[in-house]
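Commentary on secondary and tertiary structure
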Amino acid sequence: MDNVEIFDTTLRDGEQVPGCKLDYKTKLIIAEQLDFLGVDVLEAGFPISSPGDYKSVKEISKLVKNTRVCGLTRAVKKDIDVAAEAIKHAKLSRIHTGIGTSESHMRFKFNLTPDEVLGRAVIAVKHAKSYVEDVEFYAEDAGRTDNEFLARVCEAVINAGATVLNIPDTTGYCLPDEYGAKMKYLMENVKGIHKARLSCHCHNDLGLATANSIAGVQNGARQIECTINGIGERAGNTSLEEVVMILRQHPKLNLDTRIKSEMLSGISKLVSESMAMPVQPNKAIVGANAFAHSSGIHQDGVIKKRETYEIIDPKDVGVTESSIVLTARSGRAALAFRAKNIGYDLNKLELDKVYKQFLIVADQKKGINDEDLPKIIEASNL
Ligand code: KIV
Ligand code: ZN
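Thresholds applied
Residues numbered from 1 in each chain as written. Chains lettered and ligands numbered in written order. Predicted model: local features only at pLDDT ≥ 70, side-chain atom pairs only at ≥ 80, totals over all residues. Heavy atoms only, no water. Helix = DSSP H or I, 4+ residues; strand = E, 2+ residues; numbered from the N terminus. Buried < 20%, exposed > 50% of the residue type's maximum accessible area, 1.4 Å probe, protein only. Contact = heavy atoms within 4.5 Å. Polar contact = N/O pair within 3.5 Å; in protein donor to acceptor, adjacent residues only side chain to side chain. Near = heavy atom within 4 Å. Areas by Shrake-Rupley, 256 points an atom, 1.4 Å probe, with all protein chains shown as cover. Nonpolar A, V, L, I, M, F, W, Y, C, P; charged D, E, K, R; others polar. Pairing = 2+ DSSP bridges. Axes fitted to C-alpha atoms, helices over the stretch in contact; angles between N-to-C directions. Donors = N, O, S within 2.8 Å, 3.2 Å for Na, K, Ca; no water. Right-handed = clockwise from strand over helix to strand, strands pointing away. Domains from an automatic or database assignment. Buried area = accessible area lost by both parts, 1.4 Å probe. Salt bridge = Lys/Arg side-chain N within 4 Å of Asp/Glu carboxyl O. Parallel < 35°, antiparallel > 145°, perpendicular 65-115°, else oblique. Disulfide = S-S within 2.5 Å. Phe/Tyr/Trp six-rings, centres within 6.5 Å; stacked < 30°, edge-to-face > 60°.

Here we come to the overall build of the protein. Of regular secondary structure, the protein possesses 14 helices and 12 strands. Expressed as lengths along the three principal axes of its C-alpha atoms, the size of the protein is roughly 85 × 40 × 40 Å. Scored against the burial criterion, the 382 residues of the protein give a buried share of 52%. Intrachain contacts of the protein at a sequence separation of at least 6 include 72% that bridge at least 24 residues.

Here you go:
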């Protein structure tokens, strides 16, 4: 298995979500859990952006034991100086610097020519390199950047000392085959590419962040930048739990991460509660319904053999067990199963009677819980 590094940016790109600002003590709690979770790199913040962010990057750097701590900068000397100061206590550190490389960013954001942008990129990487060995360069809006120019920039920053090349689909525009082809192009056309690691950083504006990240690693990238619950700017970033479990569920890809997947459910709740950002119930892996079965056909299958309708063992992501939810769409198998769980072992005749009564009640309620069941059984005249 080849290792894909997990670069967690919950506390940087994730925290950019309006209304999700965290105080630095909560950030420390989340950072510690991310360290236990096994992320390879933790982007702790954007140190020059505010004194608060500087402080949290600094404190996280002191706290974290195994994970590499990274600070974001623009391709600006002062940003890099401040980030270097903030991460200087980390056991393992990285500076993440970069500049926009798409036509639109170069013309409208910077009013610079491509050669000027390339020059700034090289200066920034060299300056970061004067502080730390590990320097990641991001080509912002790489998703919409011409591949030939992107390859020139990548080659120049590798020569300047960049160890990781981040290829962000900043606007979430790319299709998976397009993003995969971009990685393949860079693998094949950048001289010295084997001295650096290509990184996927995908946004979810079209719901493709996870698919694009997987396409990226299928084509040579070996780092994925992601957030817990997929939180992040606009429609969010690639969701950590999704990419980790996709690689684990598909051994034929021959790619894996170091993530302790049994912690995923717990850390998802921690981030969601800390940020007051609810997780949609049907969210893959960590949504409340990810392992809940409510239709009769599915319930019957799951009760006979879990694998008939589940591709992941819930315990692998920290969920105790699958749930059989009783609704008006449920069948006798589910009713008998749930009744037995609370001590009623119903024979066929009894079950038929209880099921009739159950449907009457279930048609009036959204769900039937363990308190409702004894009342339904009593009202069934067994
Ligand atoms: O989406 C993006 O391009 C970013 C960069 C700053 C890495 O978040
Ligand atoms: Zn981003």
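Let us keep going from here.
Within the fold, threonine 170 resides in the loop between strand 7 (164-169) and helix 7 (176-189). Only 2.7 Å separates the side chain of threonine 170 from the backbone nitrogen of aspartate 141, close enough to count as a polar contact. Aside from chain neighbours lying at most four places away, what touches threonine 170 is Glu140, Asp141, His203 and Arg234.

Our focus in this paragraph is the site of ligand 1. If you check the shell around ligand 1, you find Arg12, Asp13, His96, Tyr138, Glu140, Asn166, Pro168, Thr170, His201 and His203 and nothing else. At 2.9 Å, a side-chain N or O of arginine 12 approaches an oxygen atom of ligand 1. Here ligand 1 has 260 Å² of accessible area as a free molecule, and 92% of this is covered by the chains. Going through the elements one at a time, strand 6 (135-140) and strand 7 are the ones with two or more residues in the shell around ligand 1. Class assignment of the residues belonging to the shell around ligand 1 gives a composition of two nonpolar, five polar and three charged.

This paragraph deals with the sheet that holds strand 3 (residues 41-45). If you trace the eight strands once around the closed barrel, you get 2-3-4-5-6-7-8-9, paired in parallel fashion. Within the sheet, the average angular offset between the axes of one strand and its neighbour, ignoring direction, is 25 degrees. Bridge count for strand 7 against strand 8 (residues 197-202) is six bridges, and the pairing is parallel. For aspartate 169, the partnering residue across the bridge sits in strand 8 and is cysteine 202. Across the sheet, helix 8 (residues 209-218) is in contact with strand 7, strand 8 and strand 9 (223-226); its angle to strand 8 comes to roughly 170 degrees.

Our focus in this paragraph is the coordination of the zinc ion (ligand 2). Six octahedral donors at a metal ideally form angles of 90 or 180 degrees, and four tetrahedral donors ideally form angles of 109.5 degrees. Note on the zinc ion (ligand 2): its protein donors are Asp13 (OD), His201 (NE2) and His203 (NE2). The metal-donor distances range over 2.0 to 2.1 Å. Here the donor residues for the zinc ion (ligand 2) map to a single chain with the spacing D-x187-H-x1-H. Highlighted residues: aspartate 13 in the loop between strand 2 (5-8) and helix 1 (24-37) and histidine 201 in strand 8, separated in sequence by 188 residues. For the residue pair aspartate 13 and histidine 201, the accessibility class agrees, reading buried in each case.

This part is about the pairing of strand 5 (residues 93-100). The side chains of a regular strand alternate between both faces of the sheet. Counting buried positions along strand 5 gives eight out of eight residues, so the element sits mostly inside the fold. Chirality of the crossover, the property in question, places the unit of strand 4 (residues 68-72), helix 3 (residues 77-86) and strand 5 among those that are right-handed.

Before going further, it helps to spend a moment on the environment of asparagine 189. Relative to the elements of secondary structure, asparagine 189 occurs in helix 7. Separated by 80 residues in sequence, asparagine 189 and lysine 269 place their C-alpha atoms 42 Å apart.

On to the domain arrangement of the protein, then. Segmentation of the protein into domains returns domain 1 (2-275) and domain 2 (292-378). Centre-to-centre separation of domain 1 and domain 2, based on C-alpha positions: 44 Å. Taken together, the contact between domain 1 and domain 2 spans six residues of the former and seven residues of the latter. Between domain 1 and domain 2 lies a buried interface of about 480 Å² when both sides are counted; carbon and sulfur atoms form 57% of it. Among the residues of domain 1 in contact with domain 2, Met245, Gln249 and Ser265 are the three that bury the most area, contributing 67% of the side total. Counting across the interface, domain 1 meets domain 2 through zero salt bridges. For the interface between domain 1 and domain 2, the tally reads four residue pairs in polar contact (both at pLDDT 80 or more).

Let's shift gears to the packing of helix 2 (residues 51-63) against helix 3. Following both chains from N to C, one finds helix 2 and helix 3 inclined at 40 degrees, their axes separated by 8 Å at the closest point. Relative to helix 3, the element helix 2 is oriented oblique. Across the interface between the two elements, Tyr54, Val57, Lys58 and Ser61 from helix 2 touch Val82, Glu85 and Ala86 from helix 3. Tallied by class, the residues present in the contact of helix 2 with helix 3 amount to four nonpolar, one polar and two charged.

What the rule picks out here adds up to zero disulfides. The thiol sulfur of cysteine 20 is not disulfide-bonded, and the nearest other cysteine sulfur, from cysteine 226, lies at 17 Å. Not engaged in a disulfide, the cysteine cysteine 200 finds its nearest cysteine sulfur in cysteine 202; these two sulfurs lie 5.6 Å apart.

A few words now on the packing of aromatic side chains. Evaluation of the coordinates by the stated rule reveals one aromatic pair. Between tyrosine 355 and phenylalanine 358, the ring centres sit 5.9 Å apart and the planes meet at 25 degrees, which makes this aromatic pair stacked. Of the two residues, tyrosine 355 and phenylalanine 358 are both situated in helix 13 (residues 348-362); the distance of three residues between them amounts to about one turn of the helix. Here tyrosine 355 and phenylalanine 358 have matching classes, each one buried.

On inspection of all chains with the given rule, the structure shows 34 salt bridges. Residues glutamate 43 and arginine 12 are paired through a salt bridge, measuring 2.9 Å at the closest nitrogen-oxygen approach. Residue glutamate 43 is located in strand 3, and its partner arginine 12 is located in the loop between strand 2 and helix 1; the two are separated by 31 residues in the primary sequence. Assessed through its relative accessible area of 0%, glutamate 43 is described here as buried. On the basis of relative accessible area, arginine 12 is assigned to the buried category, the value being 11%. Of the charged contacts, one joins lysine 88 and glutamate 85 as a salt bridge, the two residues approaching to 2.6 Å between their closest N and O atoms. For lysine 88, a relative accessible area of 47% corresponds to the partly exposed category. Connected via shared salt-bridge partners are Glu5, Asp40, Arg197 and Arg258.

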